[in-house]
Amino acid sequence: MNLSPRNTQVIVCCHKQCELPSDPYLLPVHVGASLGSAELDMQRDDECLGAPCENISDKNPSYCELTALFWAWKNLRRIRPDLEYLGINHYRRYFDFGRVPRGKDMTVRPEGEVGSYRVNSARLGRLLSTHDVIIPRDIHNPYTLFADYGYWRMSDDLRCTMRVIHEMTPEYDESVYQIIMRRNTLSPYSMGVMPWGVFDEYCSWLFPVLGEVESRTDISSYDAVQGRIYGYIAERLWNVWLHKEGLKLAQLPIVMYDSQPDVNPLKAAVNVARRDVGYRLARPSDSTTRERYAAIVGS
């Protein structure tokens, strides 16, 4: 498969001025640009070809990187009419095309090295020729995604989302159940690389669902972290949608440019094994979980 910057773009979601790789496949996008923060030397998520455009830039505090996804969905093909493949990275997180041990979902490198990152277009093309979507390697929890969300976030928000999906697109019920209620693994960060048609179908499902959840949710008392609600929910829904569509997935590790130390590969593999064992030992029966799911969605 022949990829080029004309037919393949990977948007890089940025909320501040930062060092970025110089790579023609990457398109930095300033998320939340309409909120009046400092002007960044990159594409805004509220403009297209220098003019205002359809956007949700002002929702960035609660939608996070999704404001860049929405902008790309509605506008990017006006700038790149030959676009065939679309990807999503973050200003510190990028797909790692190197050789990373299977036990590791992420490699951490010094912040100052981000400028040397490059998209390996040859390997990317090979993966896209044999897979439908490229996503990050799973992270593993010692409990289900439902329990994990309730531990870190507002559990009622996830329940509300599950009810909305049941009402709007009940054909997704089984995938919601399998991913949220039964699985302990998650492909994180709402990252991916995929054909434009796949991206379009996903956004056509995701944003109406989130819009309805938003209409039913009062987040006025949430702090800045909990206020990122729709970004958190979308991470889970990306996994739900991929499961429902039955797409062939390629999982790549992530390289993160940060000041924190990297994790030893052996320690990472041991942690994954421990979490999976803990999950299997504590997981309730399928019948018990199905009763709980039915109570949540009201079926």
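Shown above is the structure to which this text applies.
Definitions and limits used
Residues numbered from 1 in each chain as written. Predicted model: local features only at pLDDT ≥ 70, side-chain atom pairs only at ≥ 80, totals over all residues. Heavy atoms only, no water. Helix = DSSP H or I, 4+ residues; strand = E, 2+ residues; numbered from the N terminus. Buried < 20%, exposed > 50% of the residue type's maximum accessible area, 1.4 Å probe, protein only. Axes fitted to C-alpha atoms, helices over the stretch in contact; angles between N-to-C directions. Parallel < 35°, antiparallel > 145°, perpendicular 65-115°, else oblique. Contact = heavy atoms within 4.5 Å. Nonpolar A, V, L, I, M, F, W, Y, C, P; charged D, E, K, R; others polar. Core = buried A, V, L, I, M, F, W, Y, C linked by side-chain atoms within 4.5 Å.

Undergrad: Can you lay out unusual backbone geometry for me, pointing to particular residues and giving the numbers?
TA: Keep in mind that most residues, glycine aside, have a negative phi and that most peptide bonds are trans. Here Leu49, not a glycine, exhibits a phi torsion of approximately 55°, which is positive. Counting through the fold element by element, Leu49 comes out in the loop between strand 4 (47–48) and strand 5 (51–52). Relative accessible area serves as the criterion here: at 58%, Leu49 is assigned to the exposed category. In this structure, Ser190 takes a positive phi of about 55° despite not being glycine. Along the chain, Ser190 turns up in the loop between strand 11 (185–186) and strand 12 (192–195).

Undergrad: Summarise the packing of helix 5 (residues 155–168) against helix 10 (residues 286–297); cite the residues concerned and give the values.
TA: Viewed as axis vectors pointing N to C, helix 5 and helix 10 meet at an angle of 80°, and their least axial separation amounts to 8 Å. In terms of axis orientation, helix 5 runs roughly perpendicular to helix 10. Mapping the contact onto sequence places Arg159, Met162, Arg163 and His166 in helix 5 and Arg292, Tyr293, Ile296 and Val297 in helix 10. By residue class, the composition of the contact of helix 5 with helix 10 is four nonpolar, one polar and three charged.

Undergrad: Provide a residue-level description of the nonpolar core, including the pertinent values.
TA: Core analysis: the largest hydrophobic core is formed by 62 residues, its most contacted members being Ile11, Met162, Phe199, Trp205 and Phe207. The greatest single-element share of this core, amounting to 11 residues, is contributed by helix 7 (residues 196–216). Among all residues touching Met162, those that are not within four sequence positions of it are Phe146, Val176, Ile180, Met181, Tyr293, Ile296 and Val297. Residues Tyr85, Ile134, Tyr189 and Met191 belong to the second largest nonpolar core, which totals 33 residues.

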